[in-house]
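Read off the chains here:
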Number of protein chains: 2
Amino acid sequence: MALEHTVKAFDEDITRLRGLIAEMGGLAEVAIGEAMDALVKGSTELAAGVVGRDKRIDALESEVDKLAVRVIALRAPMADDLREVIAALKIAGVIERIGDYAKNIAKRTGQIEGRKKFEPLTLIPAMAEVAAEMVHDVLTAYAARDPQLAREVIERDAKVDAFYNSIFRNLVSHMMENPATISSAAQLLFVARNLERIGDHATNVAEMVYYAATGDYLADREDRTDV
Amino acid sequence: MALEHTVKAFDEDITRLRGLIAEMGGLAEVAIGEAMDALVKGSTELAAGVVGRDKRIDALESEVDKLAVRVIALRAPMADDLREVIAALKIAGVIERIGDYAKNIAKRTGQIEGRKKFEPLTLIPAMAEVAAEMVHDVLTAYAARDPQLAREVIERDAKVDAFYNSIFRNLVSHMMENPATISSAAQLLFVARNLERIGDHATNVAEMVYYAATGDYLADREDRTDV
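A brief look at the structure comes next. (Residues numbered from 1 in each chain as written. Chains lettered and ligands numbered in written order. Predicted model: local features only at pLDDT ≥ 70, side-chain atom pairs only at ≥ 80, totals over all residues. Heavy atoms only, no water.)

1. Section: unusual backbone geometry
- Despite not being glycine, A:Ala76 has its phi angle at roughly 40°, a positive value.
- Mapped onto the secondary structure, A:Ala76 falls in the loop between α2 (44-75) and α3 (79-107).
- The class of A:Ala76 is partly exposed, set by a relative accessible area of 37%.
- A positive phi angle, close to 50°, is found at B:Arg145, a residue other than glycine.
- Within the element layout of this structure, B:Arg145 appears in the loop between α4 (120-144) and α5 (147-177). (Helix = DSSP H or I, 4+ residues; strand = E, 2+ residues; numbered from the N terminus. Buried < 20%, exposed > 50% of the residue type's maximum accessible area, 1.4 Å probe, protein only.)

See below:
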């Protein structure tokens, strides 16, 4: 009876941990879309909203940390259960960073001038959409413990890398032809790089989900960005 | 007697965890210096060495993870001891990322042409030196549980940010004056950004060390990079 009680309490804690992570992931996904919106419209007001709401993601990460430590201390989980708690800690850390990348993109909004002249300003939102979808799907895979979906997320990262390579070349040509826009174009380079990193981080989470569900490691991926 | 035995075993585990982290930190610090060397000399051979040795940092992080999980499972540490193990897990994760930034810098070596023309190629190694020192000192602070040194590391991050802002402006002017070098200059922008991130990560570790030693959080830092 006592054991049953402990098991139930542990399951409730895990459900709560997973709920917090789902909330973090949802906020991070929204932040990517909103940062893009701010950037494309050049709205520093929208950008400030993204920056402000990132604090909520940070607070949720702290909550995950504290709850994970408490679960370990009180319930002394073993084997798979312990790995599940440690995975929650790690995944929360990665999502917090994804939120930071979105915040970083939003912060560049005010630094970009003459946005109508930038062809990459159509490519970048398309890239952001793929990256945000990866974040969305990897959290679905985490919630459902779905290794197949995790693997699909990992495969999709090649698309994000291809976008990045193409945007990089495009921006460099743009800079050469329009030296006056170099400062703004440099900001867009960083935006593309941040999105590429979001894809990498979603992939890292997908690898953890895959490992947790199957016990197998997927083969080491190669970095496909060439610039 | 049995308790004493457990305490001793736990202390040995913690010493081992701290040793692994010291080793990771040493390798990351060296990697920053070597990546800079590769970049300044344009040696893709040196760069390949940095990329190869990053695998050792990754392997050490896995070792920290496994040992931390085993310590928690076998010794069921409480309160401060548990926090110490969780801190080791988090710090190892941050150092692994610092190693990745150094690797990323090394990888750009082959993409930079006409390196003699770049004034930032004198500023960037100076910036790297400050960042590498931060990594060095934060690990000393961690080993010695020294909150004063941790605080000094945090303060030094302002210097790294100032370097970054100045290098960014310098590179943008350089691009405007020499459109043919834009692609190489863009690589150097990323290098400067990676160093800036290394400073941020060293600061994050310093905050954890400060908190672990004093129980106090330092006030939230503001991001001082303006580009």
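2. Examining the interface of chain A and chain B
- Contacts between the two partners involve 33 residues from chain A and, on the opposite side, 33 residues from chain B.
- With both chains or domains summed, chain A and chain B bury close to 2,900 Å², and 66% of this area falls on carbon and sulfur atoms.
- Linking chain A with chain B are 4 salt bridges, by the criterion used here.
- A salt bridge links A:Asp65 to B:Lys90, with the shortest nitrogen-to-oxygen separation between them at 2.4 Å.
- The tally of links between chain A and chain B comes to 2 residue pairs in polar contact (both at pLDDT 80 or more).
- Listed by contribution, the elements that provide at least two residues to the side of chain A that touches chain B are α2, α3, α5 (147-177) and α6 (182-214) of chain A. (Contact = heavy atoms within 4.5 Å. Buried area = accessible area lost by both parts, 1.4 Å probe. Salt bridge = Lys/Arg side-chain N within 4 Å of Asp/Glu carboxyl O. Polar contact = N/O pair within 3.5 Å; in protein donor to acceptor, adjacent residues only side chain to side chain.)

3. Structural notes on the side chain of A:Asn170
- Mapped onto the elements, A:Asn170 comes out in helix α5.
- Once you skip the residues sitting within four places of it in the chain, A:Asn170 turns out to touch A:Glu119, A:Pro120 and A:Leu123.

4. Remarks on the packing of aromatic side chains
- Counting across every chain of the model gives 5 aromatic pairs over all chains.
- With centroids separated by 6.3 Å and ring planes inclined at 50°, the aromatic side chains of A:Tyr164 and A:Phe168 adopt a geometry described as tilted. Placement of both A:Tyr164 and A:Phe168 in helix α5 is noted, with a separation of 4 residues, approximately one turn of the helix. Of the two residues, A:Tyr164 and A:Phe168, neither departs from the other in class, the shared state being buried.
- Through successive ring pairs, a cluster of aromatic residues spans A:Tyr164, A:Phe168, A:Phe190, B:Tyr164, B:Phe168 and B:Phe190.
- Here the basic side chain of B:Arg18 rests over the ring of B:Tyr142, its NZ or CZ set 4.2 Å away from the ring centre.
- When the ring centre of A:Phe190 is taken as reference, the NZ or CZ atom of B:Arg193 above it lies at 5.9 Å. (Phe/Tyr/Trp six-rings, centres within 6.5 Å; stacked < 30°, edge-to-face > 60°. Lys NZ or Arg CZ within 6 Å of the ring centre and 35° of its normal.)

5. Details of the packing of helix α3 (residues 79-107) of chain B against helix α6 (residues 182-214) of chain B
Residues and elements named next belong to chain B.
- Viewed as axis vectors pointing N to C, α3 and α6 meet at an angle of 165°, and their least axial separation amounts to 9 Å. Between α3 and α6, the interaxial angle falls into the category roughly antiparallel. Seen along the crossing, α3 lies across α6 with a hand that is left-handed. Across the interface between the two elements, Lys-90, Ile-91, Val-94, Arg-97, Ile-98, Tyr-101, Ala-102, Asn-104 and Ile-105 from α3 touch Val-191, Asn-194, Leu-195, Arg-197, Ile-198, His-201, Ala-202, Val-205 and Met-208 from α6.
- Split into classes, the residues belonging to the contact of α3 with α6 amount to 12 nonpolar, 3 polar and 3 charged. (Axes fitted to C-alpha atoms, helices over the stretch in contact; angles between N-to-C directions. Parallel < 35°, antiparallel > 145°, perpendicular 65-115°, else oblique. Left-handed = near helix turned anticlockwise from the far one by under 90°. Nonpolar A, V, L, I, M, F, W, Y, C, P; charged D, E, K, R; others polar.)

6. Digging into the packing of helix α2 (residues 44-75) of chain B against α3(B)
Residue and element names in this part refer to chain B.
- The N-to-C vectors of α2 and α3 enclose an angle of 170°; their axes lie 9 Å apart at closest approach. One element, α2, and the other, α3, form an angle in the roughly antiparallel class. Like other packed secondary-structure pairs, α2 and α3 cross with a definite hand, here left-handed.
- In the contact of α2 with α3, the residues fall into 17 nonpolar, 2 polar and 8 charged.

7. Let's talk about α2(B)
- Given a rise of 1.5 Å per residue, 32 residues ought to cover 46 Å, and the 47 Å separating the end C-alpha atoms of α2(B) matches this to within 8%.
- Remark: B:Ala76 follows α2(B) within two positions and exhibits a positive phi of approximately 40°. (Expected span 1.5 Å × (residues − 1).)

8. Quick look at the nonpolar core
- With 158 residues, the main nonpolar core has A:Ile21, A:Ile32, A:Leu195, B:Ile21, B:Ile32 and B:Leu195 as its most contacted residues.
- Excluding residues within four positions of it along the chain, A:Ile32 makes contact with A:Ile98, A:Ala102, A:Ala128, A:Ala132, A:Val135, A:Leu195 and A:Ile198. (Core = buried A, V, L, I, M, F, W, Y, C linked by side-chain atoms within 4.5 Å.)

9. Comments concerning the relation of the copies chain A and chain B
- Of the two same-sequence chains, chain A is brought onto chain B (RMSD 0.0 Å, axial shift 0.0 Å) by a rotation of 180°. Given the turn and translation reported, the copies of this chain are related as if by a two-fold rotation axis. Residue A:Ala76 of chain A places its C-alpha closer to the rotation axis than any other residue of that unit, at 3.1 Å.
- Most of the interface of chain A is mirrored in chain B, where 100% of its interface residues again form contacts. (Least-squares fit on C-alpha atoms with pLDDT ≥ 70 in both.)

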